[in-house]
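These are the residues of each chain, in order.
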Amino acid sequence: MLSTIRLSLVACVTLTSLLFHPTTARVIPIDPTTNQLVPRANGQLNIYINTADPSVAGIRNDARPRITEGAKDAVIMARLACALMMLENYEGLYERYFESPPLNDDEDNDDEDDDQEEEEDGGGQDEAGVDPARKQFVQTVFCAIAGITPECSINDIFTQRGTNPKLDGLTYSVGKYPGIEDHDRNFEHDAVYAATLYQDILTEYNIGNTDDAAIMEIHRRAFDFPNIEDIFENRGCQALGAADSGLMTTLGAHILHELVHWHHLTRTPENGHIYNQLITHDVYKPNENGEEVEETHDYIDDYDRDEYDDKDLDPPDGYGPQHAHQLVVNDEQDSFRNADNYRWFAVSLYWH
Ligand SMILES: [Zn+2]
């Protein structure tokens, strides 16, 4: 199995040149004067650098090549996950990050919701205790990010050019993007988080003329992480160790996490029926007066036990390989709603 993965990796690496073309042109997809989305040439990333933002000092020269490489790494990890799930070659990692098979039939007391879900999906669980419809859902999320039609053959995957055309609507922003009102956004936020995705931007921020556009702010902290090539060149795979850990995290892995949040990208005709059922959920957040208000999130979220009203449960959040796995143990439905479960599944597949 290892040799299959190695072969896939080689194929992925040779694909790198097919995915993106280098660009020096600064392309901003939303024209601030007309508020219209500007189409970009195929293969170019939209990267906006806010030089007026003091947090950008010291990273602005490196930002464009680092993000271009990181975006490529993200798509390659998604492409590999999509392909290996097609081959059923994921060495138990799907179960680790999404859905543990029940130990025995008596444990399957998950109430009527699940039974109903299985009927609606026309699925039910296979011999290993994994719901094939949910597994296919996870695969279509990765295939969508990678720009692959799930019915493709393996050969198609490794010869296909280009990325998902929906990515044309994405702008990477280094520093604060003008017009986004985010009251959570402060220096502390940038120090803790590597990146933030703003989606449905017309509705939320009145930027652009379409909800097909999104802004991904790449914060200063993201640049502390290497690209995949840096790991190969400077440390080597052996230095990563056997267990999933932060040593495997790259700038591209953070970009992949944010792309998982973007429902316009990850909700597809193939997974739409299960997306609404599995992903849409209510959270509870304090408003300006400190009162808890209910919000409906229809995208793959970041688990937060306070927002889920799971205050006595560990982990407190779903970040990192241990917390992501713990969500599967607690309530596996949370694992499908947590972006880092997708990130760590793909990262782990890549390095093992
Ligand atoms: Zn997130």
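All figures in this text were calculated on a predicted structure; none of them were measured in a lab.

Criteria and thresholds
- Residues numbered from 1 in each chain as written.
- Predicted model: local features only at pLDDT ≥ 70, side-chain atom pairs only at ≥ 80, totals over all residues.
- Helix = DSSP H or I, 4+ residues; strand = E, 2+ residues; numbered from the N terminus.
- Buried ≥ 20, exposed ≤ 12 C-beta atoms within 10 Å, placed from the backbone.
- Contact = placed C-beta atoms within 7 Å.
- pLDDT = per-residue confidence, 0-100.
- Pairing = 2+ DSSP bridges.
- Axes fitted to C-alpha atoms, helices over the stretch in contact; angles between N-to-C directions.
- Core = buried A, V, L, I, M, F, W, Y, C linked by C-beta atoms within 7 Å.
- Parallel < 35°, antiparallel > 145°, perpendicular 65-115°, else oblique.
- Left-handed = near helix turned anticlockwise from the far one by under 90°.
- Nonpolar A, V, L, I, M, F, W, Y, C, P; charged D, E, K, R; others polar.

Q: Which residues make up the overall build of the protein, and what values go with them?
A: Scanning the protein from terminus to terminus reveals 15 helices and eight strands. Counting every position in the protein, which comprises 352 residues, the buried fraction comes to 37%. Taking the contacts inside the protein whose residues are at least 6 apart along the sequence as the reference set, 69% of them involve residues at least 24 apart.

Q: Can you lay out the confidence of the model for the protein for me, pointing to particular residues and giving the numbers?
A: In this model, the protein carries a mean pLDDT of 78, and residues with pLDDT of at least 70 account for 74%. The weakest mean pLDDT in the protein belongs to helix α1 (residues 2-19) at 36; the strongest belongs to helix α10 (residues 251-261) at 97. Note on residues 1-28: pLDDT under 50 across the span, and 31 contacts to partners over four residues away in sequence or across chains. With pLDDT under 50 throughout, residues 105-127 is counted as low confidence; its partners more than four residues away or in other chains account for 14 contacts.

Q: Account for unusual backbone geometry, with residues named and values stated.
A: Trans is the common state for peptide bonds, and a negative phi is the common state for residues other than glycine. Here the residue pair Asp314 and Pro315 is connected by a cis peptide bond, since its omega of 0 degrees sits within 30 degrees of zero. Within the secondary structure layout, Pro315 lies in the loop between β8 (292-297) and α13 (320-330). Phi is positive for Asp200, which is not a glycine, with a value near 50 degrees. Within the secondary structure, Asp200 sits in the loop between β5 (195-198) and α8 (201-205).

Q: Could you give an account of the sheet that holds strand β3 (residues 46-49), with specific residues and numbers?
A: Taken in spatial order, the four strands of this open sheet run β3-β4-β6-β5, and their pairing is mixed. Strand pairing shows two members of the sheet lacking a second neighbour, β3 and β5, which therefore form its edges. Strand-to-strand twist in this sheet, taken as the mean axis angle between neighbours without regard to direction, amounts to 20 degrees. Bridge count for strand β4 (residues 170-174) against strand β6 (residues 214-218) is five bridges, and the pairing is parallel. Pairing of Thr171 across the sheet is with Ile215, part of β6. Running over the sheet, helix α2 (residues 60-86) touches β3, β4 and β6 and is turned about 165 degrees from β3. Packing against the sheet, α10 makes contact with β5 and β6, and its axis sits at approximately 20 degrees to β5.

Q: Tell me about the nonpolar core, residues and numbers included.
A: Residues Met77, Ala78, Ala81, Cys82, Phe142, Phe345 and Ala346 are the most contacted members of the largest nonpolar core, which totals 75 residues. Those residues in contact with Met77, other than ones at most four positions away along the chain, are Gly252, Ala253, Leu256, Ala346, Val347 and Tyr350.

Q: Any chance you could break down the pairing of strand β7 (residues 281-286) for me, citing the residues and the numbers?
A: When you tally the buried positions in β7, you get zero out of six residues, a small fraction of the element. Summarising the sheet, β7 and β8 pair through six bridges and their orientation is antiparallel. What sits directly across from His281, in β8, is His297. Where β7 folds back onto β8 in an antiparallel hairpin, the turn is made up of five residues, including Gly290, whose phi is positive at roughly 80 degrees.

Q: Break down the packing of α10 against helix α15 (residues 339-351) for me, with residues and values.
A: Axes are the key here: two packed helices are described by the angle between their axes and the distance separating the axes. Here α10 crosses α15 at 135 degrees, and the two axes come no closer than 8 Å. By the criterion of interaxial angle, the relationship of α10 to α15 is oblique. Crossing of α10 over α15 shows right-handed handedness. Here Ala253, Leu256, His257, Val260 and His261 of α10 lie close against α15, whose contacting residues are Ala339, Asp340, Tyr342, Arg343, Ala346 and Val347. Broken down by class, the residue content of the contact of α10 with α15 amounts to seven nonpolar, two polar and two charged.

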